[in-house]
Amino acid sequence: MEEKEKLGHYKVGSLPTLFYVPDFITDSDQNLILNNIYGAPASKWKSLKNRRLQNWGGVVHQKGLLPQVLPTWLTNLTQKIYEESGLFSSAMNHVLINEYLPNQGIMPHQDGPAYFPVVAILSLGSPVVMDFTPHARLKLDSQDDFEKDSDGRTFEIEKDKWLDDHHPFSVLLMPRSLLIFKDKAYSDYLHGIKDCTLHCYDGAVNETEALKHKESNGVFGSEDASETTGKEEHKNISRTSNRISLTCRLVPKVHKNLFRF
Ligand SMILES: O=C(O)CCC(=O)C(=O)O
Ligand SMILES: [Fe+2]
């Protein structure tokens, strides 16, 4: 099937190649995956300053992948993404699992050059907002603007201006959802997650799609600060639990032999 037919229904925002699939996996699949992640040996975790991660599929070098066989619980997932997205030339051979505490995030970045330029991110646990910012090379010199308040004070506001209709935008990532992005969304934008416990999803490109599924996810309790009240300032998520993400990618170049680099 054509990629357009397969994922077209899930395109969100103004870029042609950003897709958000709510409820990509079931609750019991989520539990199975979490059990496998937390059942892995402690040595599988690598602690970074602001998150910890598990690396599956091998070591990614600039020149390619020193492969390790993925376990079945991960190939089940990569195979499903491969078949249902139609965006990869073969099933993904590399999965990075990130665990974020409520006050942790990931700095805006672009993924490394060894990967095929499509990424599929499965989200589990706490919802978060992912921010996309146009790459610095697409930024025009910032222009200063002035704004007056009711007392006549003048404030200088720095407004970023971007080339070719690029604008920052954000995506709300609910548990069990799959985010896929490629092409411009991959190469012209940095993606990141703020390291604060309160995330604002006002204006997120998939706000409607993500919130449609909020009841079934049971993550927006009635006393939760994330409850939507119709007022813009309440469109917040209070991150009260950990988020776990599985970033699935394809490293096209695989090295069979460590010594033949
Ligand atoms: O946790 C996420 O959703 C993003 C992870 C990510 O961007 C990465 O591993 O490169
Ligand atoms: Fe990334």
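Cut-off values and rules
- Residues numbered from 1 in each chain as written.
- Chains lettered and ligands numbered in written order.
- Predicted model: local features only at pLDDT ≥ 70, side-chain atom pairs only at ≥ 80, totals over all residues.
- Heavy atoms only, no water.
- UniProt positions renumbered as here; feature names shortened; annotations may be inferred.
- Pairing = 2+ DSSP bridges.
- Helix = DSSP H or I, 4+ residues; strand = E, 2+ residues; numbered from the N terminus.
- Axes fitted to C-alpha atoms, helices over the stretch in contact; angles between N-to-C directions.
- Contact = heavy atoms within 4.5 Å.
- Phe/Tyr/Trp six-rings, centres within 6.5 Å; stacked < 30°, edge-to-face > 60°.
- Buried < 20%, exposed > 50% of the residue type's maximum accessible area, 1.4 Å probe, protein only.
- Lys NZ or Arg CZ within 6 Å of the ring centre and 35° of its normal.
- Expected span 1.5 Å × (residues − 1).
- Arc of directions from axis to C-beta.
- Core = buried A, V, L, I, M, F, W, Y, C linked by side-chain atoms within 4.5 Å.
- Salt bridge = Lys/Arg side-chain N within 4 Å of Asp/Glu carboxyl O.
- Polar contact = N/O pair within 3.5 Å; in protein donor to acceptor, adjacent residues only side chain to side chain.
- Near = heavy atom within 4 Å.
- Areas by Shrake-Rupley, 256 points an atom, 1.4 Å probe, with all protein chains shown as cover.

As recorded in an unreviewed UniProt entry, the protein chain goes by Fe2OG dioxygenase domain-containing protein and comes from Flemingia macrophylla. According to the UniProt record, the Sequence similarities (unreviewed entry) comment for the protein chain is "Belongs to the alkB family."

Novice: An account of the sheet that holds strand E8 (residues 118–125) is needed here, citing residue identities and associated values.
Specialist: Spatially, E1-E13-E8-E17-E6-E3-E2 is the arrangement adopted by the seven strands of the open sheet, whose pairing is antiparallel. Each of the sheet's edge strands pairs with one partner strand only, and the pair in question is strand E1 (18–21) and strand E2 (45–47). Direction aside, neighbouring strands of the sheet carry axes that sit 20° apart on average. Against the sheet, helix H3 (residues 72–85) contacts strand E3 (52–56), strand E6 (94–100), E8, strand E13 (178–182) and strand E17 (243–249), and its axis sits at roughly 65° relative to E17.

Novice: Describe the packing of aromatic side chains, with residues and values.
Specialist: Inspection of the entire model under this criterion finds seven aromatic pairs. Ring geometry for Phe-132 against Phe-181: centres 5.1 Å apart, planes inclined by 85°, an arrangement best described as edge-to-face. Here Phe-132 is found in strand E9 (residues 128–134), whereas its partner Phe-181 is found in strand E13, with 49 residues between them in sequence. Each of the two residues, Phe-132 as well as Phe-181, counts as buried. Plain terms: the ring middles of Phe-169 and Tyr-189 are 5.4 Å apart, the flat faces sit at 65° to each other, and that makes the pair edge-to-face. Linking Phe-169 in strand E12 (residues 169–173) with Tyr-189 in strand E14 (residues 189–193), this pair joins segments that are 20 residues apart in sequence. Stacked on the ring of Trp-56, the Lys or Arg Lys-44 has its end atom at 4.0 Å from the ring centre.

Novice: Pulling in residues and values, what's your account of helix H2 (residues 27–39)?
Specialist: In this model, H2 (13 residues) spans 18 Å end to end at C-alpha, consistent with the 18 Å of a helix rising 1.5 Å per residue. Burial in H2 covers these residues: Gln-30, Ile-33, Leu-34 and Ile-37. One face of H2 carries all of its buried residues, which in axial projection span an arc of 100°. Those residues of H2 that are exposed and aimed more than 90 degrees away from the buried face are Leu-32, Asn-35 and Gly-39. As for H2, its buried residues are in contact with E2, E3, H3, E6, E8 and E17.

Novice: Give me the nonpolar core: which residues, what numbers.
Specialist: The nonpolar side chains of a soluble globular protein tend to be buried with one another. In terms of nonpolar packing, the biggest core is built from 32 residues, with Leu-18, Phe-132, Val-171, Leu-172, Leu-179 and Phe-181 touching the most fellow members. Those elements that place two or more of their residues in this core are E1, E8, E9, E12, E13, helix H4 (184–187), E14 and helix H5 (207–212). Formed by 31 residues, the second largest nonpolar core is a distinct cluster that contains Ile-33, Ile-37, Leu-122 and Leu-250.

Novice: So what's going on with the pattern of salt bridges? Which residues, and what values?
Specialist: For the coordinates displayed, the defined rule picks out ten salt bridges. The partner of Arg-176 in a salt bridge is Asp-27, with the nearest N and O atoms 3.3 Å apart. A residue pair is termed long-range when its members are at least 10 positions apart, and Arg-176 in the loop between E12 and E13 and Asp-27 in helix H2 qualify at 149 residues. Look at Arg-176 and you get buried, because its relative accessible area is 7%. Relative accessible area serves as the criterion here: at 44%, Asp-27 is assigned to the partly exposed category. One salt bridge connects Arg-249 with Asp-111, and the closest N-O pair in it is separated by 2.8 Å. Placement of Arg-249 in strand E17 and of Asp-111 in the loop between strand E7 (106–109) and E8 is noted, with a sequence separation of 138 residues between them. For Asp-111, a relative accessible area of 11% corresponds to the buried category. It is possible to trace a salt-bridge network through shared partners that takes in Asp-23, Asp-27 and Arg-176.

Novice: Give me the lowdown on the side chain of His-191, citing residues and values where you can.
Specialist: Secondary-structure assignment places His-191 in strand E14. Exposure remark for His-191: the relative accessible area of 4% places this residue in the buried category. Of the polar contacts made by the side chain of His-191, one reaches the side chain of Asp-111; its length is 3.2 Å. Those residues in contact with His-191 that lie beyond four places of it in its chain are Met-107, Pro-108, His-109, Gln-110, Asp-111, Met-130, Asp-131, Phe-132 and Phe-181.

Novice: I'd like to hear about the site of ligand 1, residue by residue, with values.
Specialist: In the vicinity of ligand 1, 14 residues are found, and the nearest of them are Tyr-100, His-109, His-191, Arg-243 and Ser-245. With respect to ligand 1, the side chain of Asp-111 contributes an N or O atom lying 3.2 Å from an oxygen atom. Contact between ligand 1 and Arg-243: an oxygen atom at 2.9 Å from a side-chain N or O atom of the residue. About the coverage of ligand 1: the protein hides 97% of its 300 Å² of free accessible area. Tallying contributions element by element places E17 first for the shell around ligand 1, with four residues.

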